[in-house]
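# Secondary and tertiary structure notes
Residues per chain are reported as follows:
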Amino acid sequence: MRVYLEFAFKKFQNRLTYRLDFFMGIINTVITIIVFCLIYKALYGEADSIDGITFSMVATNFVISLGLSGAFDFDEMFLQNKLHDGSITNEFLKPVNFKLRMLSENIGDSIFKIIFNFVPALLFSIFFIDFCAPKSILSIILMIISVALGYLVLWMISFIVQTWCFWLFSVWGIVTIKNVFVNILSGTMLPIWFMPSILRKIVSYTPFESIYFTPVRIYLGEMTGKDIFYGMVVQIFWIAVLYLIGNLFWKNGVRKLVVQGG
């Protein structure tokens, strides 16, 4: 376990080298949040709420979802690049689990973005945007746990898409399509509250709702008691299912690579 913590720490340190990068990340996140909030403020007009959803709830959803989506931005060309330059064979010779190494580095990168991009944008939103206060300290703790589970759901989806590089020359197109689905169906661009009832029901049967919307609802107090427990069970379920799918793709891809490589 220590070696994987070292991978995460090294990635975190590497990001510290590029200070201008995280300043630009803060500016980008803040501008994006402001633009989305202004659009929905105009749509709300003088109305206090739409279908029971206040503007504060929408703004809070955008701040949390957009902030986390920026922090959970993985290097989805990592496996493809390793495959194309042939260095993946050297990775298999190392006494570490390649998938855990990928996950560790991504976690280190995401922790950096949360501290230096998301938190400053969050503080800005608290002071300058109509941001909802948490229902309780417990809701914040439960939300953080749910965010960690949502992170794993998204990472598993990303890993599955990356494994397609064993069969495709480039996964860029697949990654782009995946990102569109995630941005729309996770509630990042369009709050799931405002989706048509049929579409919302369909989304509830996919892993996308578990990524950002479940943590947001926990923070806002929309989910309590059994609902929180059920929401986290659903997140864990999707992590397990996606892990099995990703592991199947990975094993078949590695087997294909070994056969072609002799």
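Now for a quick tour of the structure. Note that this is a predicted model, so its numbers are computed, not measured.

Conventions and cut-offs
Residues numbered from 1 in each chain as written. Predicted model: local features only at pLDDT ≥ 70, side-chain atom pairs only at ≥ 80, totals over all residues. Heavy atoms only, no water. 1 Å grid on protein atoms, 1.4 Å probe; cavity = no way out; pocket = protein on both sides within 12 Å on 5 of 7 lines; lining within 4 Å. Points joined across faces, edges and corners; volume = space filled by probe spheres on them. Helix = DSSP H or I, 4+ residues; strand = E, 2+ residues; numbered from the N terminus. Nonpolar A, V, L, I, M, F, W, Y, C, P; charged D, E, K, R; others polar. Salt bridge = Lys/Arg side-chain N within 4 Å of Asp/Glu carboxyl O. Buried < 20%, exposed > 50% of the residue type's maximum accessible area, 1.4 Å probe, protein only. Patch = residues over 30% accessible without salt bridge, like charges linked within 9 Å, V, L, I, M, F, W, Y side chains within 5 Å. Areas by Shrake-Rupley, 256 points an atom, 1.4 Å probe, with all protein chains shown as cover.

## As for the layout of surface pockets
- Its volume calculated, the largest pocket comes out at about 510 Å³.
- Lining the largest pocket are 20 residues, with Leu68, Phe118, Met143, Ile144 and Val147 sitting closest to its centre.
- Those elements that place two or more of their residues in the lining of the largest pocket are helix H3 (55-71), helix H6 (98-128) and helix H7 (137-163).
- Of the residues in the lining of the largest pocket, the class split is 19 nonpolar, 1 polar and no charged.

## A short note on the pattern of salt bridges
- What the rule picks out here adds up to 4 salt bridges.
- Arg101 serves as the salt-bridge partner of Glu105, at 3.0 Å between the closest nitrogen and oxygen. Of this pair, Glu105 and Arg101 both sit in helix H6, separated by 4 residues, roughly a single helical turn.
- On the accessibility criterion, Arg101 (9% relative accessible area) is buried.
- Salt-bridge contacts for Lys113 lead to Asp109; the nearest nitrogen and oxygen are separated by 3.2 Å. Of the two residues, Lys113 and Asp109 both sit in helix H6, 4 residues apart, roughly one turn of that helix. The two residues Lys113 and Asp109 agree in class, both being buried.

## Brief notes about empty space enclosed by the protein
- One pass over the structure, following the stated rule, counts 1 cavity of 30 Å³ or more.
- Taken together, Lys11, Asp75, Phe78, Met102, Glu105, Asn106 and Gln162 make up the full set of residues lining the largest cavity.
- When residues in the lining of the largest cavity are grouped by element, the largest group, 3 residues, is from H6.
- For the lining of the largest cavity, a count of residues per class yields 2 nonpolar, 2 polar and 3 charged.

## Topic: a nonpolar patch on the surface
- The grouping of Leu20, Phe23, Met24, Ile27, Ile31, Val35, Ile39 and Leu43 at the surface amounts to a nonpolar patch, some 800 Å² of accessible area in total.
- Relative to the assigned elements, Val35 resides in helix H2 (residues 19-44).
- Residue classification places Val35 among the partly exposed residues on the basis of a relative accessible area of 43%.

## Concerning the side chain of Thr206
- Mapped onto the secondary structure, Thr206 falls in the loop between helix H9 (197-204) and helix H10 (213-220).
- For Thr206, a relative accessible area of 17% puts it in the buried group.

So, to be careful, I would describe these as geometric facts and stop short of saying anything about function.
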